[in-house]
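Fold and geometry: a report
Each chain is listed here by its residues.
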Amino acid sequence: MAAGETTQLYAKVSSKLRGRSTPSLLDPLLAMGFPAHTALKALAATGRKTAEEAADWLHCHRDDPSLDDPIPQEYALFLCPTGALLERLQEFWRESRRQCAKNRAHEVFPHVTLCDFFTCEDQKVESLYEALKRAGDRALGAFPQAVPLVLHSSISYLGFFLSGSPADVIREFAVTFAAEASVLAGRQARPAGNKGPVTGHVGRNLRLSNLTRPPRRAAASLRNHRLGKKYCAVKPCTKQLHLTLAHKFYPHHQRTLEQLARAIHPGHACQWTAALYSRDMRFVHYQTLRALFQYKPQNADELPLSPGDYVFVDPSQQEEASEGWVIGLSQRTGRRGFLPENYTDRASEADTWVKHRTYTFSLAADLNSRKDGDGGSRQNVEFPPPQTPRSFSSIQDLQATVARRSVLVVRHGERVDQVFGKSWLQQCSTPDGRYYRPDLNFPRSLPWRGCGLKGFESDPPLSCCGEFQSRAAGAALLDSGVRVTSVFASPALRCVQTAKLLLEELKLEKKIKIRVEPGIFEWTKWEAGKTTPALMSPEELKEANFPVDTDYRPAFPLSCLLPAESYGEYVDRCTASMSRIVDTCPQDTGVILLVSHGSALDSCTRPLLGLPPRDCGDFAQLVRKIPSLGMCFCEENREEGKWELANPPVKTLTHGCNPAFSWRSWLLGN
């Protein structure tokens with residue numbers, strides 16, 4: 001479908017809307033020169049609040065390649081609590097996340113789903129508002145003054161069930177809305193056999209980027225739209241209505257979550273509100289990131305960021321991204337590009353949803369006749385920052401702490417290929433195979449290894465900045481007063497280099513030798529190639545003047561590393577290695593220093609803390625955000641027979657980007 005055909009498709013819509021007696025939000029946008037179909041799309045994407053907000057959306061999306069694609073929004077109807085009950089639920093959200101980590105319930109605000117997500121054409125969104133008003137008016141007189149909530153718990157679910165006749169009234173309200181919306185928004189049965197591929201101009205546009213390709217449901221909607229088959233199939237939730245508190249959590253957290261849930265009294269005063277939300281169907285299964293800082297692109301394929309921007313990221317489409325970067329699509333602009341992941345934080349799924357209209361029912365009575373505030377509506381309660389692990393207030397406190405056994409896991413410094421890319425070795429090699437330094441951030445020299453320069457291709461060294469980072473962290477550890485008693489390092493050259501520099505700054509290079517432990521090597525699935533990297537042996541490292549312990553017998557020999565191992569195999573390897581490392585130092589009352597990869601901060605500490613492995617997708621997302629010399633600190637509580645997290649003894653090192661500069665290009669270009 002060409003752009004001209006798309007405009008014709010909406011011609012009748014615009015004339016119909018202009019013919020209404022009430023002022024239309026569409027008129028100002030058409031007067032500004034925006035096509036009807038993009039103006040309607042902007043109104044739907046912003047909740048049809050004001051023409052100014054829609055115009056701003058269109059201005060930001062002027063370079064959006066999908067602007068002309070008639071992809072409708074998805075809509076859902078929720079019943080949301082307000083007042084004192086909402087405050088208690090938000091307190092549960094905060095405490096459950098702090099004590100038991102994030103689970104699926106944290107992705108969305110407290111709610112009862114009345115109608116699950118459905119599609120509606122942009123020009124018919126106002127019909128949904130009318131359906132909500134009609135259904136609300138019809139249910140208003142019968143809506144219960146109090147909604148009984150019964151706590152239900154299972155191995156992976158915790159929530160309140162709505163029971164009795166009040167639940168029947170709410171269920172009937174959902175059925176009425178679904179029926180009204182289906183009629184007013186153009187109900188028509190979904191045609192059979194609509195599962196074929198999308199063809200034509202729209203389909204080709206969507207294939208330009210995997211990041212903007214709609215799921216099968218969106219493709220079917222597009223095909224029906226092109227064929228003129230317009231429908232709005234709204235399905236009400238007629239089964240057990242529920243308000244989810246926790247979902248898909250670790251089984252050992254169930255008891256804690258139940259204790260927190262019992263502190264919520266269902267009888268708290270509550271004003272229930274039916275709210276209509278929308279979302280972009282293309283990014284339902286994507287991860288959502290929130291920009292923390294402003295970022296100005298250094299290259300044409302990078303994405304500009306402003307604080308508060310949301311970016312959609314497909315974890316399965318990150319092959320082109322180098323370490324520390326991701327490929328994403330900006331919700332604010334619709335543009336696709338690379339962005340630095342450490343400029344962002346993980347956002348919740350519902351953060352990008354748009355609220356359209358609400359219908360508020362009467363204030364429900366307090367079942368327990370308790371005075372829990374004014375019972376007013378406080379939708380946007382700010383969460384106070386979660387409590388952090390205890391920190392050290394003085395060197396004396398720190399020294400008292402490290403009298404116990406502790407483990408400090410440190411990620412290596414900046415690696416040279418992280419800055420200069422996969423072709424870094426070609427940039428610093430002469431035709432006769434000798435190393436030279438083309439940039440000040442290349443290392444001054446490379447250690448000797450038997451296989452020559454070729455061996456560094458899969459086992460890169462630290463950059464010059466990486467060496468500086470390591471020395472700065474080592475000096476800070478010395479100033480903090482920690483007492484390092486043993487050092488273990490991954491066999492990767494960058495890790496052994498980092499461990500050596502840390503020991504030198506700690507003034508321990510002649511007292512402690514580095515124990516090379518292949519068991520804490522990187523997840524081999526993330527290593528390039530189908531074979532394990534050609535790593536230097538302890539003997540080669542010693543010959544290259546690294547203070548390694550050649551008598552140490554590792555828990556996991558280098559020859560046992562499997563290429564492209566599964567996530568489960570990797571986790572098992574780290575668990576076994578950590579058990580062996582801790583057993584190797586049973587009497588050491590001090591800090592066991594582990595220098596490894598970003599992944600080790602999670603995979604090597606969770607076994608100590610008694611936590612199960614993290615979900616593989618969450619693990620990959622977490623690891624990409626760990627900076628050079630990132631640290632994780634665990635200490636043994638022998639009185640209670642467990643390990644606990646504590647703040648690392650030193651602060652992190654933060655610095656900005658310093659791109660390459662050519663004075664010749666700059667001079668000629670200006």
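Up top you'll find the structure we're talking about.
Notes on the structure in this doc start here.

Criteria and cut-off values
Residues numbered from 1 in each chain as written. Predicted model: local features only at pLDDT ≥ 70, side-chain atom pairs only at ≥ 80, totals over all residues. Heavy atoms only, no water. Helix = DSSP H or I, 4+ residues; strand = E, 2+ residues; numbered from the N terminus. Buried < 20%, exposed > 50% of the residue type's maximum accessible area, 1.4 Å probe, protein only. Contact = heavy atoms within 4.5 Å. Areas by Shrake-Rupley, 256 points an atom, 1.4 Å probe, with all protein chains shown as cover. Pairing = 2+ DSSP bridges. Axes fitted to C-alpha atoms, helices over the stretch in contact; angles between N-to-C directions. Patch = residues over 30% accessible without salt bridge, like charges linked within 9 Å, V, L, I, M, F, W, Y side chains within 5 Å. Salt bridge = Lys/Arg side-chain N within 4 Å of Asp/Glu carboxyl O. Phe/Tyr/Trp six-rings, centres within 6.5 Å; stacked < 30°, edge-to-face > 60°. Core = buried A, V, L, I, M, F, W, Y, C linked by side-chain atoms within 4.5 Å.

Let's shift gears to the overall build of the protein chain. In terms of regular secondary structure, the protein chain is built from 22 helices and 18 strands. In the protein chain, which comprises 670 residues, the proportion classed as buried is 50%. Sequence-distant contacts in the protein chain: of pairs separated by 6 or more residues, those separated by 24 or more amount to 78%. Split by element, the accessible area of the protein chain, about 31900 Å² in all, is 51% carbon and sulfur.

Moving on, we come to the sheet that holds strand 8 (residues 310-313). The strand order 10-9-8-7-11 describes an open sheet built from five strands, whose pairing is antiparallel. With one partner strand each, in any of the chains shown, strand 10 (336-340) and strand 11 (344-346) form the two edges of the open sheet. The sheet shows a mean angle of 45 degrees between the axes of neighbouring strands, direction not considered.

Turning our attention to a nonpolar patch on the surface. A contiguous nonpolar surface patch, about 540 Å² in accessible area, is contributed by Phe661, Trp663, Trp666 and Leu667. Relative to the assigned elements, Phe661 resides in the loop between strand 18 (642-646) and helix 22 (663-669). By relative accessible area, which is 61% here, Phe661 ends up exposed.

Turning next to the packing of aromatic side chains. On inspection of all chains with the given rule, the structure shows 28 aromatic pairs. A centroid spacing of 6.2 Å and a plane angle of 70 degrees characterise the contact between Phe92 and Trp93, whose relative ring orientation is edge-to-face. Considered together, Phe92 and Trp93 belong to a single accessibility category, that of buried residues. Considering the side-chain rings of Phe293 and Tyr343, the 5.9 Å spacing of their centres and the 85 degrees angle between planes classify their relative orientation as edge-to-face. A residue pair is termed long-range when its members are at least 10 positions apart, and Phe293 in the loop between strand 7 (287-291) and strand 8 and Tyr343 in the loop between strand 10 and strand 11 qualify at 50 residues. Judged by its relative accessible area of 46%, Phe293 is partly exposed.

Leu77, Phe92, Leu128, Phe173, Phe177, Leu245 and Trp272 are the most contacted members of the largest nonpolar core, which has 52 residues in total. Once you skip the residues sitting within four places of it in the chain, Trp272 turns out to touch Leu79, Cys80, Pro81, Leu85, Val112, Phe143, Val147, Leu243, Tyr359, Thr360 and Phe361. Ranked by size, the runner-up nonpolar core spans 46 residues in total, among them Ala473, Ala492, Phe521 and Met536.

Moving on, we come to helix 4 (residues 36-45). Structurally, the α-helix is built with 3.6 residues per turn, so residues lying three or four positions apart point the same way. Counting buried positions along helix 4 yields 10 of 10 residues, so the element is predominantly enclosed. For helix 4, the set of buried residues is Ala36, His37, Thr38, Ala39, Leu40, Lys41, Ala42, Leu43, Ala44 and Ala45. Taken from the residues just after helix 4, Gly47 is the one with a positive phi, measuring 85 degrees.

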